[in-house]
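Understanding the architecture of this molecule
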Amino acid sequence: AQSVAQPEDQVNVAEGNPLTVKCTYSVSGNPYLFWYVQYPNRGLQFLLKYITGDNLVKGSYGFEAEFNKSQTSFHLKKPSALVSDSALYFCAVRAPRANAGKSTFGDGTTLTVKP
Amino acid sequence: EPEVTQTPSHQVTQMGQEVILRCVPISNHLYFYWYRQILGQKVEFLVSFYNNEISEKSEIFDDQFSVERPDGSNFTLKIRSTKLEDSAMYFCASSDTGGANSPLHFGNGTRLTVT
């Protein structure tokens, strides 16, 4: 079985400060990891993914994430937060397989960036 | 940019009634999914669909649920006899190759309220 944990329900940062949203995962084999963002009354939007290769992956809107196999983590980061980054963030994992199986999502972390 | 579209945006129904939620996936995508989100938080997998058949389904997707791709563009979720606990936001998603490394593209959801 695969699972994702996002230990923080809420993260608050000041605009201009770095932000980190934490994610740990459990899956059989090498994981495929994703971050999605959800704005109010909208669907989830893909931000970035880790499949293989460089442990630091870059995505949309200046976000990046670091894959750490030994800690089974995939934390989302941004060097300088914007008020417009305030949203609900979801980490997701998939087991590698030929046909797409389900993505398992964490419970989400609400990011609030204050001016 | 191509989008997944869902209709209606909000559906209110009485317990025991049948509802059909409609989705138009991105046109060149081959894999289709339904997820639901309760209380704006946890995103739960319901079913995946490829080549006119279900690829995978969760324990939530019991006999009261069914999916169909009636033509070349629509993808529907039917709930045969709704229950109060079916109240949720239902998201349709699609992906192109369907490989586990392909991100999901979500619609903006249908809010289902069962009274």
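About the cut-offs
- Residues numbered from 1 in each chain as written.
- Chains lettered and ligands numbered in written order.
- Predicted model: local features only at pLDDT ≥ 70, side-chain atom pairs only at ≥ 80, totals over all residues.
- Heavy atoms only, no water.
- Helix = DSSP H or I, 4+ residues; strand = E, 2+ residues; numbered from the N terminus.
- Rg over C-alpha atoms; globule rule 2.2 N^0.38 Å.
- Buried < 20%, exposed > 50% of the residue type's maximum accessible area, 1.4 Å probe, protein only.
- Contact = heavy atoms within 4.5 Å.
- Areas by Shrake-Rupley, 256 points an atom, 1.4 Å probe, with all protein chains shown as cover.
- Lys, Arg positive; Asp, Glu negative; His and termini not counted.
- Charge placed at Lys NZ, Arg CZ, Asp CG, Glu CD.
- Disulfide = S-S within 2.5 Å.
- Phe/Tyr/Trp six-rings, centres within 6.5 Å; stacked < 30°, edge-to-face > 60°.
- Pairing = 2+ DSSP bridges.
- Axes fitted to C-alpha atoms, helices over the stretch in contact; angles between N-to-C directions.
- Buried area = accessible area lost by both parts, 1.4 Å probe.
- Salt bridge = Lys/Arg side-chain N within 4 Å of Asp/Glu carboxyl O.
- Nonpolar A, V, L, I, M, F, W, Y, C, P; charged D, E, K, R; others polar.
- 1 Å grid on protein atoms, 1.4 Å probe; cavity = no way out; pocket = protein on both sides within 12 Å on 5 of 7 lines; lining within 4 Å.
- Points joined across faces, edges and corners; volume = space filled by probe spheres on them.

Attention now goes to the overall build of chain A. Counting its regular elements, chain A contains zero helices and 12 strands. Counting helices and strands in the order they occur from the N terminus, chain A gives β-β-β-β-β-β-β-β-β-β-β-β. The C-alpha radius of gyration of chain A comes to 14 Å, within 12% of the 13 Å expected for a compact globule of 115 residues. Taking the principal axes of its C-alpha atoms as reference, chain A extends roughly 45 × 30 × 25 Å. Taken over 115 residues, chain A has a buried fraction of 47%. Looking at chain A alone, contacts between residues at least 24 apart form 57% of all its contacts between residues at least 6 apart. Approximately 5,300 Å² of chain A is accessible, and the part contributed by carbon and sulfur atoms is 48%. Separation between the mean location of the 11 positive side-chain charges and that of the 8 negative ones in chain A comes to 8 Å.

All names here are of chain A. One pass over the structure, following the stated rule, counts two disulfides over all chains. Linked covalently through their sulfurs, C23 and C91 form a disulfide whose S-S length is 2.0 Å. Judged by the torsion about the S-S bond (-60 degrees), the C23/C91 disulfide is left-handed. Residue C23 is found in the loop between strand 3 (19-21) and strand 4 (24-26), and its partner C91 is found in strand 10 (residues 87-94); the two are separated by 68 residues along the sequence. Overall, C23 belongs to the buried group, its relative accessible area being 0%.

A few words now on the packing of aromatic side chains. The tally for this structure, following the rule as stated, stands at 21 aromatic pairs over all chains. Look at B:Y35 and B:F45: their rings are 5.5 Å apart centre to centre, the planes differ by 70 degrees, and that puts the pair in the edge-to-face class. Pair noted here: B:Y35 is in strand 4 (residues 31-37) and B:F45 is in strand 5 (residues 43-50), with a separation of 10 residues, a long-range link. Accessibility expressed as a relative area gives 7% for B:F45, which makes it buried. Among the aromatic side chains, those forming a connected cluster through ring pairs are A:F34, A:Y36, A:F46, A:F90, A:F105, B:Y33, B:Y35, B:F45, B:F91 and B:F106.

Time to look at the sheet that holds strand 1 (residues 5-7) of chain B. Residues and elements named next belong to chain B. Taken together, the four strands give an open sheet; going across it, the order is 1-3-8-7, and neighbouring strands pair in antiparallel fashion. Because the sheet does not close on itself, it has two edges, and the strands there are strand 1 and strand 7 (65-68). Neighbouring strand axes in the sheet, compared pairwise and without regard to direction, differ in orientation by 20 degrees on average.

What follows concerns the interface of chain A and chain B. The interface is formed by 25 residues belonging to chain A together with 23 residues belonging to chain B. Interface of chain A and chain B: buried area, both sides summed, is about 2,000 Å²; carbon and sulfur atoms make up 49% of it. For the salt bridge of B:K42 with A:D107, the shortest nitrogen-to-oxygen distance reads 3.0 Å. For the side of chain A that touches chain B, the secondary structure elements donating two or more residues are strand 5 (32-38), strand 6 (44-50) and strand 10 of chain A. In terms of residue count, strand 5 of chain A provides more of the side of chain A that touches chain B than any other element does, four residues in total. When the residues that make up the side of chain A that touches chain B are grouped by side-chain class, the tally is 13 nonpolar, six polar and six charged.

In this structure, the largest pocket encloses a volume near 510 Å³. As for the largest pocket, its lining consists of 23 residues, and the residues nearest its centre are A:L44, A:Q45, B:E1, B:E3 and B:F106. Elements represented by at least two residues in the lining of the largest pocket include exactly strand 6 of chain A together with strand 1 and strand 10 (105-106) of chain B. Broken down by element, the residue count for the lining of the largest pocket peaks at four residues, all from strand 6 of chain A. Of the voids in this model, the second largest pocket is the one considered here, and its volume is about 270 Å³. Lining the second largest pocket are 17 residues, and of these A:Q38, B:Q37, B:L39, B:G40 and B:R111 sit closest to its centre.

This part takes up the pattern of salt bridges. The tally for this structure, following the rule as stated, stands at five salt bridges over all chains. For A:K78, the salt bridge is made with A:D85, and the minimal N-O distance between the two is 2.8 Å.

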